[in-house]
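Reading the structure
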Amino acid sequence: MALPGVHTDRGELRVHESLEELSTDLVDYIAELSEASVKERGVFAIALSGGSLIGLMGKLCEAPYSKTVDWAKWYIFWADERVVAKNHADSNYKLAKDGLLSKVPIVPSHVHSINDSLSAEEAADEYGFVIRQLVKTRMVSVSDISDCPKFDLILLGMGTDGHVASLFPDHSVLEEKEEWVTFITDSPKPPPERITFTLPVINSASNVAVVVTGESKAEAVHLAIDDVGADDCCPSLPSRLVQPTKGQLVWFLDKPAASKLKSLEFSSE
Ligand SMILES: O=C(O)[C@H](O)[C@@H](O)[C@H](O)[C@H](O)COP(=O)(O)O
């Protein structure tokens, strides 16, 4: 049984006993947001990341979701992408295509992957341009406070160093305030060249979910969520900088990842 969701200043924490249970809760959450967004705006603009997240979304390809989700209304983006060919084993597009997109009736023209024939800088510019066009036609909403796109849902994973998307600790990319999409050529996690949504875009989303599993990430989860003076000790921990301005933040954690969380100890007292 999952512990009930715990509401904290750093978002809702949903801690699960098993990966099986976590993945069921995650796909229920995605399906509910999709339904609400399609009802409200006629479309659902969702941004994916790479890593273990995609495997945890696998149940979306199975009943009942495969039949009940309104796939034709989905517009798919990537919060970050590795600058490699689309058929390369490192491609986040390939990961999502093989694990999810090829198994459900998504409209191919709604899948917005990067142009893999460009340099990282050019690919980031072009991706920003593509998003601008979709904001103009309201396939992606716009934030009324930041002028940034307002994705219905941005899904993030987190590394042991606290990175999210391709926003790495102490990297100048964290300072980017103007661009919606930027690039790096020195990612500490291979491959080195990546494009990424910037923090203002992530924090303008209607919903952001961070999905983190495994004990190796427990310390980073603690620093990202707990009130331990982390704003002083690690001001540039990317996962701590995920703070949606108006949107909802939900953390999907398994017990090992949550094992160092103080916020949970307090909530159960
Ligand atoms: O393309 C990427 O590398 C990512 O988007 C990255 O931010 C990933 O989500 C985390 O590194 C977590 O990955 P794991 O869940 O596989 O540890």
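Please refer to the structure higher up on the page.
Anyway, here's the lowdown on the structure attached to this text. Please read all numbers here as calculations on a predicted model, not as lab measurements. (Residues numbered from 1 in each chain as written. Predicted model: local features only at pLDDT ≥ 70, side-chain atom pairs only at ≥ 80, totals over all residues.)

A tally of regular secondary structure across the protein gives nine helices and 12 strands. For 269 residues, the compact-globule estimate of 2.2 N^0.38 gives 18 Å, and the C-alpha radius of gyration of the protein, at 17 Å, lies within 12% of that figure. Counting all 269 residues of the protein, 44% fall into the buried class. A fraction of 74% describes how many contacts in the protein between residues 6 or more apart in sequence connect residues 24 or more apart. (Helix = DSSP H or I, 4+ residues; strand = E, 2+ residues; numbered from the N terminus. Rg over C-alpha atoms; globule rule 2.2 N^0.38 Å. Buried ≥ 20, exposed ≤ 12 C-beta atoms within 10 Å, placed from the backbone. Contact = placed C-beta atoms within 7 Å.)

Taken in spatial order, the three strands of this open sheet run 5-10-9, and their pairing is antiparallel. The open sheet has two edge strands, strand 5 (80-82) and strand 9 (181-184), and neither has a second partner. Strand-to-strand, the axes of this sheet are offset by a mean angle of 20°, without reference to chain direction. For strand 9 and strand 10 (residues 194-197), the ladder comprises four bridges, and the chain directions are antiparallel. Of the residues in strand 10, the one forming a bridge with V181 is F197. (Pairing = 2+ DSSP bridges. Axes fitted to C-alpha atoms, helices over the stretch in contact; angles between N-to-C directions.)

This part takes up the nonpolar core. Core analysis: the biggest nonpolar cluster contains 77 residues, and A47, I154, L156, I202 and V210 have the highest contact counts within it. Contact partners of I154, with chain neighbours within four places excluded, come to A47, A79, I202, A205 and V208. (Core = buried A, V, L, I, M, F, W, Y, C linked by C-beta atoms within 7 Å.)

Right, let's get into the site of the ligand. Around the ligand there are 15 residues in total, and S49, G50, G51, S52 and G157 lie nearest to it. Grouping the amino acids of the shell around the ligand by side-chain chemistry returns four nonpolar, eight polar and three charged. (Near = placed C-beta within 6 Å. Nonpolar A, V, L, I, M, F, W, Y, C, P; charged D, E, K, R; others polar.)

What follows deals with the environment of V173. Within the secondary structure, V173 sits in the loop between strand 8 (153-157) and strand 9. On the basis of neighbour counts, which here come to 21 C-beta atoms within 10 Å, the residue V173 falls in the buried class. Note: C-alpha distance between V173 and I184 (11 residues apart in sequence) is 7.4 Å. Apart from residues no more than four positions distant in its own chain, V173 is found in contact with L167, T182, I184 and T196.

Glancing now at helix 4 (residues 92-99). Three or more residues of helix 4 are buried, namely N92, Y93, L95 and A96. Considered in projection along helix 4, the buried side chains sweep an arc of 165° and stay on one side of the axis. Those residues of helix 4 that are buried lie in contact with strand 3 (44-48), helix 2 (53-56), strand 4 (74-78) and strand 5. (Arc of directions from axis to C-beta.)

We now examine the sheet that holds strand 11 (residues 207-212). On the basis of which strands lie adjacent, the open sheet formed by seven strands has the order 1-2-12-11-8-3-4 and mixed pairing. The sheet is open, and its two edges are formed by strand 1 (6-8) and strand 4, each paired on a single side. Each adjacent strand pair in this sheet contributes to an overall mean axis angle of 20°, direction not counted. Here strand 8 pairs with strand 11 via four bridges, running parallel. When the sheet's bridge partners are listed, I154 is paired in strand 11 with V208. Sheet strands in contact with helix 1 (residues 19-41) are strand 2 (11-16), strand 3, strand 4, strand 8, strand 11 and strand 12 (248-254), and its direction is about 160° off that of strand 12.

Quick look at the pairing of strand 4 now. Along a regular strand, successive side chains alternate from one face of the sheet to the other. For strand 4, the buried fraction is high: five of the five residues fall into the buried class. Burial along strand 4 is two-sided: the residues W74, I76 and W78 and Y75 and F77 are all buried. Two strands pair when backbone bridges link them, and strand 3 and strand 4 are joined in this way by five bridges, in the parallel orientation. Note that in strand 4 the partner of L48 across the bridge is W78.

Moving on, we get to helix 1. Taking 1.5 Å as the rise per residue, helix 1 with 23 residues should run 33 Å; its terminal C-alpha atoms sit 32 Å apart, in good agreement. Along helix 1, the residues classified as buried are L22, S23, L26, I30, S34 and S37. (Expected span 1.5 Å × (residues − 1).)

Below, the discussion takes up the pairing of strand 11. Counting buried positions along strand 11 gives six out of six residues, so the element sits mostly inside the fold. Residue alternation in strand 11 divides its side chains into two sets, N207, A209 and V211 and V208, V210 and V212, and both sets are buried. As paired elements, strand 11 and strand 12 share six bridges and run parallel to each other. Looking at the pairing, A209 lines up with V250 of strand 12.

On to unusual backbone geometry, then. At the junction of A63 and P64, the peptide bond is cis and its omega measures out at 5° in the coordinates. By the element assignment, P64 lies in the loop between helix 2 and helix 3 (65-68). Cis peptide bonds are those with omega within 30 degrees of zero, and the linkage from P190 to P191 qualifies with -5°. Structurally, P191 is set in the loop between strand 9 and strand 10. You will see that R138, though not glycine, has its phi angle at about 65°, which is positive.

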